[in-house]
Amino acid sequence: MPTRISAADLRALIEDETTQIAFLDLRSPLRRDKDGHIAATSNIPYQELEPRIGRAVPHRDTPIVLASEPELDARGAQILQRLGYRDVRVLDGGIAAWRRAGGRVYTGTNVRSKTLGEWIERRFGTPTVDATTVRKWQESGEDVVIVDSRTLAEYRHHHIPGGLYTGGGVEAVYRISAAVRSPSTRVVVNCQGRTRGIVGAQSLIDLGLDNPVYSLRNGTPAWQEAGYELAKGEGEHLPAPAQAPAAGRAWAERTLRELAVPSLGSAELNALLGEASVTVYLLDVRSAEEYAAGHLPGSVSVPGGVLLQNTDDHLVVRGAHVVLIDGPDRIRAAGTARWLRYLHDGPISVTTPDTEITAVPAPPLPAADAEQIPWARFAADRGAHRVYDLRSSAAYLAGHIAGSVHARRETLDRLAAETPDGTFLLVGDATFDPSHIAADLSGRGVRAAVLHGGVEAVAEPLTTADPVLAAGVQDQVGPPDFGPERDAWYREYFAWELSLLEQTAGDPLFDFEGIFRRWTS
């Protein structure tokens, strides 16, 4: 049985920065977003626990605290103990007990990252510009470039006409020399909201760029709200430089030295990976294309801008050692470390993708063993199965097996009690294999199997007709695609984001000013 801890004990653990520990919230993204969560926790939804926990918490001796809902935490604790984690604790009474004890709870996602963005703008006076002004600059032929700091998928979905895809906020620091034509060229950094635009703009300013630099106030939503059209598709990509400019290399060297971020060679990195008590995250902050061309074994592709925006998703163990992987100029690693120190209290180092690794990172958890039912067998005996689609709600609504029901793992126990007959046939796809869920259900007496090959193996056209979502949409926390609902969503979102500094005032988890003073004193 897992150890139960009180809200007071949890508070003490959070305030103790000397222990490597993981604080997890197992609720769905929507529940965590809307109902509120403890800022110290990372979200690994119960549905994804087994596939993600091995990389998130690689050492089985690392303490794990579950702090969401009692029933969900109890189920998650049983799974973690079955996987070999030896120190699993649950918050007695869940987040409701934390609230009653006076603990702070925050709505929204990536709250610490987004609060940091607001703090950066206030602390450093990052210049901003509104969409109307930028549009006037364009129409009057002013020398202005728009640098898009979002992901490729976001950029392809829509972008400001003429905006340059860079690969992310920190990547813009690396590539900016190819965009500016003269020291008078105005540089405007935009994102999907505020954070990545602010961080990207301030990073360019800190680089010492001579040009006037601004973040686009409220990003692409503000552009659209002002009545200006957005472009779609590939657009124009800002290329990586054949060789990083000398000024950028000097800035990176100076920044890493001031941050006391060491560069690890093969001997140092292998020694670090060999320490059984230390969690090490190998994070490649280069572009996804560079990562695909060659990377360190065990490393994960997380471009710097993505890491700073979604730190909770990637740095699950508090106090872990983060190794940022970059090319020899280390510009992107320096730009990432510059802001990561405010969000992560563990050590940070850098290395290159050609470092030789002989030590083996902690192995992943074993794959789940679940019965696999081929499509032909299912089609011949369709009535004996209850088909539950465990993919994302968006994927299900875009096309599903006729008669299937979209479900999440936390709803399957209820569905099993309501419909005891037949085999639960769980459907996934190339990105999500529900075998771990089927194996767990089978171990608890529910007849469950997996459709072999997922929806890709289905030999009949998928349908969008008659969708049934057993738990509603629980995995989407962003805005509607387009339309009035999207505009209303963003108005509410920006009101929330602009209030973050006031919401978090006095909370030690958001003491960015204190960190700034310690580093500059």
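The structure reproduced in this document is the subject of the present report.

Calculation rules
- Residues numbered from 1 in each chain as written.
- Predicted model: local features only at pLDDT ≥ 70, side-chain atom pairs only at ≥ 80, totals over all residues.
- Heavy atoms only, no water.
- Helix = DSSP H or I, 4+ residues; strand = E, 2+ residues; numbered from the N terminus.
- Rg over C-alpha atoms; globule rule 2.2 N^0.38 Å.
- Buried < 20%, exposed > 50% of the residue type's maximum accessible area, 1.4 Å probe, protein only.
- Contact = heavy atoms within 4.5 Å.
- Areas by Shrake-Rupley, 256 points an atom, 1.4 Å probe, with all protein chains shown as cover.
- Lys, Arg positive; Asp, Glu negative; His and termini not counted.
- Charge placed at Lys NZ, Arg CZ, Asp CG, Glu CD.
- Salt bridge = Lys/Arg side-chain N within 4 Å of Asp/Glu carboxyl O.
- Pairing = 2+ DSSP bridges.
- Right-handed = clockwise from strand over helix to strand, strands pointing away.
- Core = buried A, V, L, I, M, F, W, Y, C linked by side-chain atoms within 4.5 Å.
- Phe/Tyr/Trp six-rings, centres within 6.5 Å; stacked < 30°, edge-to-face > 60°.
- Lys NZ or Arg CZ within 6 Å of the ring centre and 35° of its normal.
- Arc of directions from axis to C-beta.
- Expected span 1.5 Å × (residues − 1).
- Axes fitted to C-alpha atoms, helices over the stretch in contact; angles between N-to-C directions.
- Left-handed = near helix turned anticlockwise from the far one by under 90°.

## Concerning the overall build of the protein chain
Item 1. Per the secondary structure count, the protein chain includes 24 helices and 21 strands.
Item 2. Against the compact-globule benchmark of 24 Å for 521 residues, the protein chain has a radius of gyration of 24 Å, which places it among compact chains.
Item 3. When its C-alpha atoms are laid out on the principal axes, the protein chain stretches across 70 × 50 × 50 Å.
Item 4. Evaluated residue by residue, the protein chain yields a buried proportion of 54% over its 521 residues.
Item 5. A separation of at least 24 residues holds for 77% of the contacts in the protein chain among residues at least 6 apart in sequence.
Item 6. Carbon and sulfur atoms provide 52% of the accessible area of the protein chain, an area that totals close to 21,800 Å².
Item 7. Distance between charge centres in the protein chain, computed from 53 positive and 68 negative side chains, equals 3 Å.

## Here we look at the pattern of salt bridges
Item 1. One pass over the structure, following the stated rule, counts 36 salt bridges.
Item 2. The closest approach of N and O atoms between Glu71 and Arg75, which form a salt bridge, is 2.7 Å. Taken together, the residues Glu71 and Arg75, both in helix H4 (residues 70-82) and four residues apart, mark about one turn of the helix.
Item 3. The partner of Arg391 in a salt bridge is Asp389, with the nearest N and O atoms 2.8 Å apart. Taken individually, Arg391 and Asp389 each receive the classification buried, so the pair is uniform in this respect.

## Notes on the sheet that holds strand S10 (residues 213-216)
Item 1. One open sheet holds the six strands; their spatial order is S6-S10-S9-S7-S8-S11, and the pairing between them is parallel. The open sheet has two edge strands, strand S6 (128-129) and strand S11 (236-237), and neither has a second partner.

## Notes on the pairing of strand S16 (residues 348-351)
Item 1. Here S16 shows a buried face lined by Ile348 and Val350 and a second buried face lined by Ser349 and Thr351.
Item 2. Here strand S15 (residues 321-325) runs beside S16; their pairing, made up of four bridges, is parallel. Among the inter-strand pairings, Leu324 is bridged to a residue of S16, identified as Val350.
Item 3. With helix H17 (residues 331-340) bridging S15 and its parallel neighbour S16, the resulting β-α-β unit is right-handed.

## A short note on the nonpolar core
Item 1. Leu24, Ile53, Val57, Ile64, Leu66 and Leu324 are the most contacted members of the largest nonpolar core, which has 81 residues in total.
Item 2. The element that contributes the greatest number of residues to this core is H17, accounting for six residues.
Item 3. For Ile53, the contacting residues outside a window of four places in its chain are Leu24, Ile44, Pro58, Ile64, Leu80, Leu83, Tyr85 and Leu365.
Item 4. Counting 17 residues, the second-largest nonpolar core is a separate cluster that includes Leu390, Val405, Leu426 and Val446.

## What about the environment of Gly208?
Item 1. If you trace the backbone, Gly208 turns up in the loop between helix H10 (195-207) and S10.
Item 2. Taking the relative accessible area as the measure of exposure, Gly208 reaches 45% and is therefore partly exposed.
Item 3. Taking the C-alpha atoms as reference, Gly208 lies 45 Å from Ile95; in sequence the two are 113 residues apart.

## Describing unusual backbone geometry
Item 1. Phi angles above zero are rare outside glycine, and Asn110 is one such case at about 50°.
Item 2. Relative to the helices and strands, Asn110 resides in the loop between helix H5 (94-100) and helix H6 (111-124).

## Some remarks on the packing of aromatic side chains
Item 1. What the rule picks out here adds up to 21 aromatic pairs.
Item 2. In this arrangement the basic side chain of Arg332 is found over the ring face of Tyr174, its NZ or CZ atom lying 3.8 Å from the centre.
Item 3. The ring of Tyr46 carries the charged tip of Arg409 above its face, separated from the ring centre by 4.5 Å.

## A short note on helix H7 (residues 131-139)
Item 1. Within the sequence span of H7, burial applies to Ala131, Val134 and Trp137. Angularly, the buried residues of H7 cover 120° about the axis, an arc narrow enough to put them on a single face. With respect to the buried face of H7, the exposed residues turned more than 90 degrees away are Lys136 and Glu139.
Item 2. Looking at the packing, one finds that the buried side of H7 touches S6, strand S7 (144-148), strand S9 (186-190), S10 and helix H11 (219-225).
Item 3. Once H7 finishes, Gly141 follows within two positions and takes phi at roughly 80°, a positive value.

## So, helix H22 (residues 484-498)
Item 1. The terminal C-alpha atoms of H22, which comprises 15 residues, lie 21 Å apart, in line with the 21 Å expected from a rise of 1.5 Å per residue.
Item 2. Buried within H22 we find Arg486, Tyr490, Tyr493, Phe494, Trp496 and Glu497. Down the axis of H22, the buried set is contained in an arc of 155°. They therefore lie on one face. Among the exposed residues of H22, those oriented more than 90 degrees off its buried face are Pro484, Glu485 and Glu492.
Item 3. If you follow the buried residues of H22, they end up packed against H6, H10, H11 and helix H23 (500-503).

## As for the side chain of Ser113
Item 1. Along the polypeptide, Ser113 turns up in helix H6.
Item 2. Sequence-distant contacts of Ser113, defined by excluding residues within four places in its chain, comprise Thr195, Leu308, Gln309, Asn310, Thr311 and Leu343.

## With respect to the sheet that holds S15
Sheets are built from strands paired through backbone hydrogen bonds, the pairs being either parallel or antiparallel.
Item 1. Strand order across the open sheet formed by four strands is S13-S12-S15-S16, with parallel pairing between neighbours. Where the open sheet ends on each side, the last strands, each with one partner, are strand S13 (300-301) and S16.

## Concerning the pairing of strand S5 (residues 88-91)
Item 1. Side chains Val88 and Val90 of S5 all project onto a buried face; the interleaved residues Arg89 and Leu91 project onto the opposite face, where all are buried too.
Item 2. With three bridges connecting them, strand S1 (residues 3-5) and S5 associate as parallel partners. Considered in S5, the bridge of Ile5 is made with Leu91.
Item 3. Bridging between strand S4 (residues 64-66) and S5 involves three bridges; their strand directions are parallel. Across the sheet, the residue bridging to Ile64 is Val88, located in S5.
Item 4. With H4 bridging S4 and the parallel S5, this β-α-β connection has right-handed handedness.

## Some points on the side chain of Ser203
Item 1. Considering the arrangement of structural elements, one finds Ser203 in helix H10.
Item 2. With a relative accessible area of 3%, Ser203 lands in the buried category.
Item 3. In contact with Ser203, other than residues within four places in its own chain, are Val173 and Trp339.

## Concerning the packing of helix H20 (residues 409-418) against helix H21 (residues 435-443)
Item 1. Where H20 contacts H21, the axes come no closer than 11 Å and their chain directions differ by 35°. At the point where H20 passes H21, the crossing takes the right-handed sense. Of H21, the residues touching H20 (which contributes Arg409, Leu412 and Asp413) are His436, Ile437, Asp440 and Leu441.

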